[in-house]
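Residue strings, one per chain:
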Amino acid sequence: KYNFDIQSSVDLTQASSIFANGTSLIGVGNFKGKVTGEGETYKIVGEADTESLRVGGVYLKALNVAATVAGTNENYQADGTLIAQMLTFEDFKVDFLKMFGNVRGTGTDFRWVGELQTAAVKSGSLTLGGLFLSDALAEYKDRQFRAEAGNGRTQRFSLGNTEFVDLTARNLKFSAANGAINMS
C-alpha cells in the first residue's frame, strides 16, 4: 500500500522504460498531487504540465492537465481537463486545444468522451477555425483513429477551394486509418 503527496519534475524519456507496453515518451513533466494505491492498482489526483511532450506519434506543446486517474497496470480511467497550446498527430495540427471529459484506455489505445474547443485545426487542405464540439467521442485503437460529435460548430470551415463561415452541424463522424481520411 502506498500514499504519497508528490511535487516533482521527471525526465519522461528516462521514465518511459518503466511502462510495460513500450510506449515512448520524450519531454520533461512536472507533477503536483497525490498518489495512492495498493500493488498494481493506483489513483492519482493532481496537476501535470510540460513545455513539450511526445507520446508515440503525438506531440503536445505547453500542456497542462488537471485530472483524477485510476487504474491497474496499463489500464486506466481519467476525468479532467487538458489544455495545450499545440497538438500534432500525423498531418493534423491543432492550435489552442481545450478538452473536458473522461478517458479510458490501455497503453496508447484510448476512448475519450467529452467536449473540445480549439482555435484552429489543419490537416492538408482541411482548415477549421474556432471549433467547438459537444457530446464528443474520440477513439484510438490499433493505430486507427475515429471521432464523433453530437453537435459541432466552427467559425470557419475550409476544404480545398470550398469555404463555409459560421457552420453548425450534427452527428459528425471522422476517421483516419492507413493514410485515408473519412468525414461525414
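What comes next concerns the included structure. All values reported here derive from a predicted model rather than from experimental measurement. (Residues numbered from 1 in each chain as written. Predicted model: local features only at pLDDT ≥ 70, side-chain atom pairs only at ≥ 80, totals over all residues. Heavy atoms only, no water.)

Helix and strand content of the chain: one helix and eleven strands. For the chain, the sequential pattern of α-helices and β-strands runs β-α-β-β-β-β-β-β-β-β-β-β. Against the compact-globule benchmark of 16 Å for 184 residues, the chain has a radius of gyration of 17 Å, which places it among compact chains. Principal-axis analysis of the C-alpha atoms gives the chain an extent of 55 × 25 × 25 Å. Counting the 184 residues in the chain, one finds 31% classified as buried. Across the chain, contacts joining residues at least 24 apart in sequence account for 40% of those joining residues at least 6 apart. Here the chain displays about 11100 Å² of accessible surface, and carbon together with sulfur accounts for 54% of that area. (Helix = DSSP H or I, 4+ residues; strand = E, 2+ residues; numbered from the N terminus. Rg over C-alpha atoms; globule rule 2.2 N^0.38 Å. Buried < 20%, exposed > 50% of the residue type's maximum accessible area, 1.4 Å probe, protein only. Contact = heavy atoms within 4.5 Å. Areas by Shrake-Rupley, 256 points an atom, 1.4 Å probe, with all protein chains shown as cover.)

Another aspect to go through is the pairing of strand β5 (residues 75-89). Pairing analysis gives 13 bridges linking strand β4 (residues 58-72) to β5, with the strands arranged antiparallel. Within the sheet, the bridge partner assigned to V69 lies in β5 and is A78. Count of turn residues in the β4/β5 antiparallel hairpin: two residues, of which N73 carries a positive phi of about 55°. Across 14 bridges, the pairing between β5 and strand β6 (residues 92-106) is antiparallel. When the bridges of β6 are listed, M86 appears paired with D95. What sits between β5 and β6 in their antiparallel hairpin is a turn of two residues, with E90 showing a positive phi close to 50°. (Pairing = 2+ DSSP bridges.)

Attention now goes to the sheet that holds strand β3 (residues 41-55). Read across the open sheet, the eleven strands follow the order β1-β2-β3-β4-β5-β6-β7-β8-β9-β10-β11; overall the sheet is antiparallel. Two strands bound the open sheet, and with one partner strand each, they are β1 (2-11) and β11 (180-183). Here the strands of the sheet are splayed against their neighbours by 15° on average, with no regard to which way each runs. (Axes fitted to C-alpha atoms, helices over the stretch in contact; angles between N-to-C directions.)

Okay, the side chain of E139 next. Mapped onto the elements, E139 comes out in strand β8 (residues 126-141). At 3.4 Å, the side chain of E139 and the side chain of R111 are in polar contact. When near neighbours in sequence (up to four residues on either side) are disregarded, E139 contacts F110, R111, Q144, F145 and R146. (Polar contact = N/O pair within 3.5 Å; in protein donor to acceptor, adjacent residues only side chain to side chain.)

Bringing the environment of R153 into the picture now. Position of R153 relative to the elements: it lies in strand β9 (residues 144-159). Spatially, the C-alpha atoms of R153 and G129 are 9.6 Å apart, while their sequence positions differ by 24 residues. If we ignore the near neighbours within four places in the chain, the residues touching R153 are G130, L131, F132, L167 and T168.

As for its placement among the helices and strands, T118 is situated in strand β7 (residues 109-123). In this structure T118 comes out as buried when scored by relative accessible area, which is 7%. For T118, the contacting residues outside a window of four places in its chain are V94, D95, F96, L97, G130 and L131.

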